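The lines below spell out each chain.
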Amino acid sequence: MLASKRNGTLYIGVTSDLIARVWQHKQDLADGFTKQYQVHLLVWYELHATMISAIAREKALKQWNRIWKLRLIEQINPEWQDLYHQLT
């Protein structure tokens, strides 16, 4: 899950290469929502054994209301740190 800032605009996506995909968003190489709204902070992620389970989780999270998403982020990242730096 990417965010523009603490409690800002959120983006949920799925990828097979998290580091590369987040880097693309940070460099504004992906035209669309994240570029338009400057959504560049990796604030939450989870790993899955299969792409099928990852896509199912992505679809489920997109149906959640905003408060649930904020709580999910704050459970593991209460300071809204950019987790990208932990991965690289």
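Residues numbered from 1 in each chain as written. Predicted model: local features only at pLDDT ≥ 70, side-chain atom pairs only at ≥ 80, totals over all residues. Heavy atoms only, no water.

### Some remarks on the sheet that holds strand S1 (residues 2–3)
No. 1: Taken in spatial order, the three strands make up an open sheet running S2-S1-S3, and their pairing is antiparallel. Edge positions in the sheet fall to strand S2 (10–11) and strand S3 (41–42), since each has one partner strand and no second. (Pairing = 2+ DSSP bridges. Helix = DSSP H or I, 4+ residues; strand = E, 2+ residues; numbered from the N terminus.)

### Let's talk about a nonpolar patch on the surface
No. 1: A cluster of nonpolar side chains, contributed by Val14, Met51 and Ile55, occupies part of the molecular surface with about 200 Å² of accessible area.
No. 2: Relative to the helices and strands, Val14 is located in the loop between S2 and helix H1 (18–26).
No. 3: Note on Val14: relative accessible area 31%, which makes it partly exposed. (Patch = residues over 30% accessible without salt bridge, like charges linked within 9 Å, V, L, I, M, F, W, Y side chains within 5 Å. Areas by Shrake-Rupley, 256 points an atom, 1.4 Å probe, with all protein chains shown as cover. Salt bridge = Lys/Arg side-chain N within 4 Å of Asp/Glu carboxyl O. Buried < 20%, exposed > 50% of the residue type's maximum accessible area, 1.4 Å probe, protein only.)

### Some points on the nonpolar core
No. 1: Counting 11 residues, the largest nonpolar core is built from Met1, Ala3, Leu10, Ile12, Val43, Trp44, Leu61, Leu70, Leu72, Ile73 and Trp80.
No. 2: Ranked by residue count, the leading element in this core is helix H4 (residues 66–76), at three residues.
No. 3: Excluding anything up to four places from it in sequence, Trp44 contacts Met1, Arg57, Leu61, Leu72, Ile73, Ile76 and Leu83. (Core = buried A, V, L, I, M, F, W, Y, C linked by side-chain atoms within 4.5 Å. Contact = heavy atoms within 4.5 Å.)

### As for the pattern of salt bridges
Where side chains of opposite charge bring their charged atoms close, a pairing between them can arise.
No. 1: Across all of its chains, the model carries five salt bridges by this definition.
No. 2: Across the pair Glu46 and Arg57 runs a salt bridge, and its minimum N-O distance is 2.6 Å. Of this pair, Glu46 sits in the loop between S3 and helix H3 (51–63) while Arg57 sits in helix H3; the two residues are 11 residues apart in sequence, bridging distant segments of the chain.
No. 3: You can call Glu46 partly exposed: its relative accessible area is 31%.
No. 4: A salt bridge links Glu58 to Lys62, with the nearest nitrogen and oxygen atoms 3.1 Å apart. Of this pair, Glu58 and Lys62 both sit in helix H3, four residues apart, which is roughly one turn of that helix.

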